[in-house]
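Listed below, chain by chain, are the residues.
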Amino acid sequence: MSNRVRVLIALAAAVTIATAGAALQGSGSATPTAESRVTWEQRMERVEAALASHDLRTVHDAVREAVRDAHATSLRTHAWAPLLQAGDAQQRVEQASGSAALGKERARVTYLAALFHAREARSVDGVLQAATALANLGDAEMVQHALVVARELVGRDPSARERVDRAATELRVRVAVR
């Protein structure tokens, strides 16, 4: 594993922990507020509504809260899917704001956190979905790393290995086309 891959995975893990820690800490109040009981799914709905209404001020706050809550949910439940959805939302929001490059970088960190959680959950589906998200960004090195992780997770199961090999072919083509 290259130093870049190690650094990116460490960064994704650190961002997940820091972001989720802030979300779990909340306002510091012992009594949960209505706002603190809002789920990451509800926050994602706010992002979509703000995007649909072209309300860029609201959408930036909404996506920041959605990402924070997705990280917290992932830490609590070991789920990787919230992070993939949050990364997708980060890209859409920044693209709508005219900052597509910033959206890609923010999404990359969130996708790496999703990859980290999928690996920890031993979810081949999660690893392959994170690899697909990274391929859509054109990150060939991280796609390759994700495929190594997927192969480690499937072990010697021939049908699962074949599935990973098919995904590898598709992802390499996707990255090459970018």
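Here is what the cut-offs are and how they apply
Residue numbering note: each chain is counted from 1, following its sequence as written. Whole-chain, interface and lining totals are the exception, using all residues; otherwise, since this is a predicted model, local features are given only for residues with pLDDT of at least 70 and side-chain atom pairs are given and counted only at 80 or more. Heavy atoms throughout the structure, all of them, feed into the side-chain values; hydrogens and water do not. For the purposes of this entry, the term helix denotes a DSSP run of H or I that reaches at least four residues, the term strand denotes a run of E that reaches at least two, and both are numbered from the N terminus. Note on definitions: angles span 0 to 180 degrees between N-to-C directions of axes, and those axes are lines fitted to C-alpha atoms, for helices only across the stretch in contact. We call two directions roughly parallel when the angle between them is under 35 degrees, roughly antiparallel when it is over 145, roughly perpendicular when it lies between 65 and 115, and oblique otherwise. In this scheme the crossing of two helices becomes right-handed for a clockwise turn of the near helix relative to the far one and left-handed for an anticlockwise turn of less than a right angle. Contacts: residue pairs with any heavy atoms within 4.5 Å of one another. One speaks of a salt bridge when a side-chain nitrogen belonging to Lys or Arg is within 4 Å of a carboxyl oxygen belonging to Asp or Glu. Here's how the labels work: a residue is buried when its accessible area is under 20% of the maximum for its type, exposed when over 50%, partly exposed in between, all with a 1.4 Å probe on protein chains only. Amino acids outside the nonpolar list (Ala, Val, Leu, Ile, Met, Phe, Trp, Tyr, Cys, Pro) and the charged list (Asp, Glu, Lys, Arg) are all regarded as polar, and Gly is one of them. We call a set of buried Ala, Val, Leu, Ile, Met, Phe, Trp, Tyr and Cys residues a nonpolar core when their side-chain atoms join them within 4.5 Å. Multiplying one less than the number of residues by 1.5 Å gives the expected span of a helix.

### Things to note about the environment of Val148
In step 1: The topology assignment puts Val148 in helix 7 (residues 140-154).
In step 2: For the pair Val148 and Val164, spaced 16 residues apart in sequence, the C-alpha separation works out to 9.5 Å.

### Structural notes on the packing of helix 2 (residues 40-52) against helix 4 (residues 81-96)
In step 1: In the contact formed by helix 2 and helix 4, the axes pass within 11 Å of each other and the chain directions differ by 20 degrees. Judged on the interaxial angle alone, helix 4 and helix 2 are roughly parallel. In terms of crossing hand, the pair formed by helix 2 and helix 4 is left-handed. Here helix 2 contributes Trp40, Met44, Val47, Glu48 and Leu51 to the contact with helix 4, which in turn contributes Pro82, Gln85, Ala86, Ala89, Arg92, Val93 and Ala96.

### Topic: the pattern of salt bridges
In step 1: Applying the stated rule across the entire model yields 13 salt bridges.
In step 2: As a salt-bridge pair, Asp125 and Arg163 come within 2.0 Å of each other at their nearest N and O atoms. Of this pair, Asp125 sits in helix 6 (residues 124-137) while Arg163 sits in helix 8 (residues 158-177); the two residues are 38 residues apart in sequence, bridging distant segments of the chain.
In step 3: For Asp125, a relative accessible area of 39% translates into the label partly exposed.
In step 4: Take Arg163: its relative accessible area is 32%, and that puts it in the partly exposed class.
In step 5: With a shortest N-O distance of 3.4 Å, Asp165 and Arg151 are connected by a salt bridge. Placement of the pair is Asp165 in helix 8 and Arg151 in helix 7, with a sequence separation of 14 residues.
In step 6: Residue class for Arg151 comes out partly exposed when judged on its relative accessible area of 22%.

### Regarding the packing of helix 7 against helix 8
In step 1: In contact at an axis separation of 10 Å, helix 7 and helix 8 are set at 175 degrees when each is read in the N-to-C sense. What the angle tells us is that helix 7 and helix 8 run roughly antiparallel. Seen from helix 7, the contacting residues are Ala140, Val143, Gln144, Leu147, Ala150, Arg151 and Val154; seen from helix 8, they are Ala160, Arg161, Val164, Asp165, Ala168, Leu171, Arg172 and Val175.
In step 2: Here the residues of the contact of helix 7 with helix 8 sort into ten nonpolar, one polar and four charged.

### Some details on the nonpolar core
A general trend in soluble globular proteins is that nonpolar side chains are found buried together.
In step 1: Judged by nonpolar contacts, the single largest core of 47 residues is most densely connected at Val47, Leu115, Val127 and Leu134.
In step 2: Contributing elements (two or more residues each) for this core: helix 2, helix 3 (56-77), helix 4, helix 5 (100-120), helix 6, helix 7 and helix 8.
In step 3: Setting aside residues no more than four positions away along its own chain, Val47 makes contact with Val59, Ala62, Val63, Ala66, Ala89 and Val93.

### Brief notes about helix 8
In step 1: With 20 residues, helix 8 extends 29 Å between its outermost C-alpha atoms, agreeing within 8% with the 28 Å of an ideal straight helix rising 1.5 Å per residue.
In step 2: On the buried face of helix 8, the contacting elements are helix 6 and helix 7.

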